[in-house]
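Structural features, examined
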Amino acid sequence: MSLVGLSGSAQSYFFSEVLADLDRPCLVILPERKSAERLYKELQFFMGAPETEETSPFLRLHQFFPYDMSPLTGLSPHRELVTRRINALYALMSDKNPVVITSLEAICFRVMPK
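Position numbers for residues count from 1 along each chain, tracking the sequence in the order it is written. With the structure being a predicted model, the display of local features is reserved for residues of pLDDT at least 70 and the display and counting of side-chain atom pairs for 80 or more, all residues being used for whole-chain, interface and lining totals. Note: side-chain values were computed over all heavy atoms of the structure, leaving out hydrogens and water.

With that out of the way, let us pick up the environment of aspartate 95. Here a strand is any run of E in DSSP of at least two residues, a helix any run of H or I of at least four, and the numbering for each starts at the N terminus. Mapping aspartate 95 onto the fold places it in the loop between α3 (79–94) and β3 (99–103). The spatial distance from the C-alpha of aspartate 95 to the C-alpha of proline 25 is 7.8 Å, given a sequence separation of 70 residues.

With that settled, the discussion passes to α3. Because an α-helix packs 3.6 residues into every turn, residues spaced three or four apart end up facing the same way. By this rule the span expected of a helix is its residue count minus one, scaled by 1.5 Å. Over its 16 residues, α3 extends 22 Å from the first C-alpha to the last, a length consistent with the 22 Å expected when each residue adds 1.5 Å. When α3 is considered as a whole, its buried residues turn out to be Leu81, Arg85, Ala88 and Ala91. With its buried residues spanning 125° around the axis, α3 presents them on a single face. Exposed residues lying more than 90 degrees from the buried face of α3 are Arg79, Tyr90 and Met93. Contacts are assigned to residue pairs with any non-hydrogen atoms lying within 4.5 Å of each other. Each element contacted by the buried residues of α3 is listed here: β2 (61–64), β3 and α4 (104–108). Burial status follows relative accessibility: with a 1.4 Å probe on protein chains alone, a residue under 20% of its type maximum counts as buried, one over 50% as exposed, and anything between as partly exposed. Starting at the helix axis, one direction is taken to each C-beta atom, and the arc is that of these directions.

Within a beta sheet, neighbouring strands are joined by backbone hydrogen bonds and run either parallel or antiparallel to one another. One requirement defines pairing of two strands: DSSP has to find at least two bridges between them. Sheet architecture is open: three strands sit in the order β1-β3-β2, paired in parallel fashion. The sheet is open, and its two edges are formed by β1 (26–30) and β2, each paired on a single side. Within the sheet, the average angular offset between the axes of one strand and its neighbour, ignoring direction, is 20°. Pairing analysis gives four bridges linking β2 to β3, with the strands arranged parallel. Within β3, the residue paired with leucine 61 across the bridge is valine 99. Packing of helix α2 (residues 33–47) onto the sheet brings it into contact with β1, β2 and β3, and relative to β3 it is tilted by some 155°. For helices, the fitted line uses only the C-alpha atoms of the stretch in contact; every axis is such a line through C-alpha atoms, and the angle between N-to-C directions lies from 0 to 180 degrees.

Geometric descriptors of this kind do not, in isolation, establish any biological role.
Structure representation (structure tokens):
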């Protein structure tokens, strides 16, 4: 199956509609961080605002972005970034149908074993 002709936010809208019917984990890998951030923000919009219910489609969406500094600097990455990465990995292992948005750069870093 092939789909052509969608551009801009139409791609994100279409993808959000596909995700609404998808009942399995989904890992979306994009070529660069900027496009991953854009898709994440657009899916947040199309999948709905955060709710307090556990069944909210918004709770399915997770970020797995690369660290914002080189590992050779000797500094630790921002705590929120580390937390989001761990939450995304945990969701892939334990949730029924998570959607994790990442970039190629982010998955090149080693992660902790299960």
